[in-house]
Amino acid sequence: MSAAIETYLISKHYRRTVALDKVTLEIPEGAVYALVGANGAGKTTLIRLLMNIFPPSTGSATVLGLASGDVSGHAFERIAYVSENQEMPDALTIGGLLDYVRPFYPRWDLELEAQLVQQFDLPLQRKLKHLSRGMRMKAALASVLAYRPALIVLDEPFSGLDPLVRDELIESLRERSGETTIFLSSHDMSEVESFATHVGFLEQGRLLFSERLAVLADRFREVQITMGGTVKMMPPHAPATWLNPQCSESSVRFVDSQYTDDTPVMLAALFPDAVKVSIEPMTLRSIVVAIARSGRTPKSKVAGEGETA
Amino acid sequence: MKQALHIFAKDVRLYWIEILGTLTVTALFVWIYPMGWGILPKISLWPWVPGAITGLVPVSWLVLITRVIHAESLVGERQFWITRPYLWPQLLGAKALFVATFIYVPFFFAQCLLLREAGMHPLSHLGGLFFLLLLVTGIAVLPMACLAAVTSNFAKTLLALLCLILFVGGVAYLSSILPTSSTTDSFSDVLSFVVAVAVFVAVLVIQYARRRTMLAWAFLIALAVTFSALGLFGPEEFSMSVTYPVSSKATGPHLTFRQAPADGSATMPDSDDSREIMVFFPVAISGIAPGTAVKVDNVRAGFTAADGVRWVSHWQGVGHTWLPGETNGRVGLKISRAFYDRMKDKPMTVEMSVAMTLLKRGNVTHLMLPAKKFELPGGSICRNTGVLGGDLSCLSPMRQPPLMLIGTRFTTEDCSVVPPLNDGDPGMGWIGALDTQPADFGLTSVWESTVWLEQLSSGQSSARQHLCPGSQLSIAPYTVVSRNQQKIVSQPLTLKSLVPTSGL
């Protein structure tokens, strides 16, 4: 399957500040890719580079087969971009906005537009400047979904929204998954975990991992071992893929970042005095927290590498 | 084009209030501006109103241009339109169409109405009207559009404008403290206009095609700094030598220094800078053929003392015109007061460069001064004001009228006797300019000028005589034959001898 988005060692510097540091990434067509990371991690910078809002300092990227520098004009007939802090034409009503943008898109679907207006319960006569944050986001989303873009790019779309609106938006995106590629950024892991197929984690401009969410969830486990006696330190031959080891009086806890079916055997060999072994799957949030705390970069995988979305 | 029209229609819907404001100001301008024409304007209660309304016209343009450009702001990274399928030539075209529709078209019709109000036929001046639109584009609309294109909102545009005004003020202050240079030449004017328009267009294209705001700002700042630097310290010699090539011909009008002391009774002109002093060179002029005249436009002088001390002035505008038969005159020049104080008693030689225009008289027209309006060659419409201080008040289409010499004979008594006695002194006055461009830059296509006819007194009486209806006027148009530069060198003289004694 071809890639909807590819970046190669792409970086962005603002004088001495490195906003994005040599990010290499591949997002397959049809994926729902969640780019997560703390505020200021470089998510918005990466998205704006891809949307050609500004050029990269070094590196390159392609979006739907176009070099990022060529993403303009007609290219946006197939690409949708919605951002939490986008400046909308506030003097227009929602109806005016839809009327205005409609002629820009040859593939605009009037039926879908009507369906979205109804689904989002959009007040067509109300001006954008008088809308709540959630309603603005729904109006913006309706104005891009109606032309059935091949790629939807969302920058923090759910930030500051109440749960009801957030679920509405997620539902509408979920309905489009498969027919379109969705690339969204968020600093809240829990909100994207439910529908993302791929996930990438940015920290201080560096991409710490990028892979299918299912694979990520499969290989991370939280391990707790209760010992018969006192434990002072981890076994000397413990693998480097065991993150954040903590030894208390009679127990050992760590995160295994390369969990396989052989892991229980290895645990038994390294902890012969174990009286109880607990191996639990982890949420995306706890995986990210574990990686962030470890300060290590687990073997980073490129989404789509040797797998299908 | 379809996209441009779509954006244009949206802008019209969004900015109808601003459009209405601009149209209202333009309508007021057309209505009120003509009331200020003439020596005795029709508005006497609030004489500042025509000026204020005229000032509002560019303000309304600035508001309209800024608002419409900021509808798709070119500065920033958050605008919704930059990730929509906008094509930049279409967007730029939409804005150009908006400006054309709501600034150029109303302005054009306003000028037509003003011409009609002045008694002229607008269709006779279509070329001038379009040339005026070109000037307005280069001098007002494009700079306003550039300011809007490099700022993100109206407040920032105003801030940028304020900075520009402060910058211009600073340059003007610097200009006032540096030695005077006050020349104008058509070569520099045309070159400056072309370069400025090219930079403004480049800035707009850079912004619309690439949104490279820093680069666009760099272009604008470089333009302002370059023009200021050239204005203050520029190689004026080059542009002067292009407009006024150095003459090597022995024939034609020729200036020489006269070895005559300055007229002690002359009054000292007010000096606008205490660091300068005006000196007057007595000159003799010869070789002015009948039917021609010589206009001295600019002069510069180099002073060399016997001990080798040297001081050279900048080019300075003069504006004397000599007719055949006139042989003596004076050329005034501002020089450094410090240099004067130091060297005033020392003998020195002066090498003066004189940039002058040779004029040729055309066919002289004679007419009887009517009680009401009359037309001058070139289309200007004049009337006898009957007011001391301005004998004739003229309205001219598109620009100052062509250069003309108007002659008459005054009447000693008042104008109650018909026909007038015409028993007074002869009178003479210049009107117009030598520019040949189809229009002068301004917000109006109708230019006012007043002719003061100098009373060539016989010496018996200096009382002002009267210009009465029924008097004969002779109108002689003058056109440019050539422009050249002559160098004249004086015998040793002292600076002190060049300053009117009553002035110090």
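This section reports on the structure supplied with the text. As the structure is a computational prediction, the values presented were derived from the model and not from experiment.

### Comments concerning helix α5 (residues 163-176) of chain A
Residue and element names in this part refer to chain A. Its 14 residues place the ends of α5 20 Å apart at the C-alpha level, agreeing with the 20 Å of an ideal helix rising 1.5 Å per residue. Buried within α5 are the following residues: V165, L169, I170, S172, L173 and R176. Buried residues of α5 fall within an arc of 160 degrees about the axis and therefore sit on the same side. Of the exposed residues in α5, the ones pointing more than 90 degrees away from its buried face are P163 and L164. The inward-facing, buried residues of α5 abut α3 (110-119), α4 (133-145), β7 (151-155), β8 (181-186) and α6 (189-193). Directly after α5, the chain includes G178, whose backbone phi takes a positive value near 100 degrees.

### Looking at the packing of aromatic side chains
Scanning the entire structure with this criterion turns up 26 aromatic pairs over all chains. Each ring, one from A:W242 and one from A:F254, has its centre 4.1 Å from the other, and the planes form 20 degrees; the classification is stacked. Remark: A:F254 occurs in strand β13 (residues 251-256) and A:W242 occurs in strand β12 (residues 242-247); sequence separation between them is twelve residues. Side by side, A:W242 and A:F254 carry an identical accessibility label, which is buried. Ring plane angle 55 degrees and centroid distance 5.9 Å describe the contact between B:F303 and B:F339, whose orientation is recorded as tilted. Here the residue B:F303 occupies a position in strand β3 (residues 292-305), and B:F339 occupies one in helix α10 (residues 337-343), the gap between them amounting to 36 residues. B:F339 shares its class with B:F303; the two are buried. A network of ring pairs unites the aromatic residues B:F257, B:F281, B:F303, B:W311 and B:F339 as a single cluster. Its guanidinium or amino end placed over the ring of B:F280, B:R330 lies 4.2 Å from that ring's centre, counting from NZ or CZ.

### Examining the nonpolar core
Judged by nonpolar contacts, the single largest core of 160 residues is most densely connected at A:L46, A:M51, A:V63, A:L141, A:F183, A:L184 and B:W61. Among the elements that line this core, the one with the most residues is helix α4 (residues 88-117) of chain B, at 13 residues. Excluding residues within four positions of it along the chain, B:W61 makes contact with B:T22, B:I103, B:F107, B:V136, B:A140, B:M144 and B:L443. B:A305, B:V331, B:L493 and B:L498 belong to the second largest nonpolar core, which has 33 residues in total.

Analysis parameters
Residues numbered from 1 in each chain as written. Chains lettered and ligands numbered in written order. Predicted model: local features only at pLDDT ≥ 70, side-chain atom pairs only at ≥ 80, totals over all residues. Heavy atoms only, no water. Helix = DSSP H or I, 4+ residues; strand = E, 2+ residues; numbered from the N terminus. Expected span 1.5 Å × (residues − 1). Buried < 20%, exposed > 50% of the residue type's maximum accessible area, 1.4 Å probe, protein only. Arc of directions from axis to C-beta. Contact = heavy atoms within 4.5 Å. Phe/Tyr/Trp six-rings, centres within 6.5 Å; stacked < 30°, edge-to-face > 60°. Lys NZ or Arg CZ within 6 Å of the ring centre and 35° of its normal. Core = buried A, V, L, I, M, F, W, Y, C linked by side-chain atoms within 4.5 Å.

Everything listed here is a matter of geometry and, on its own, says nothing about what the molecule does.
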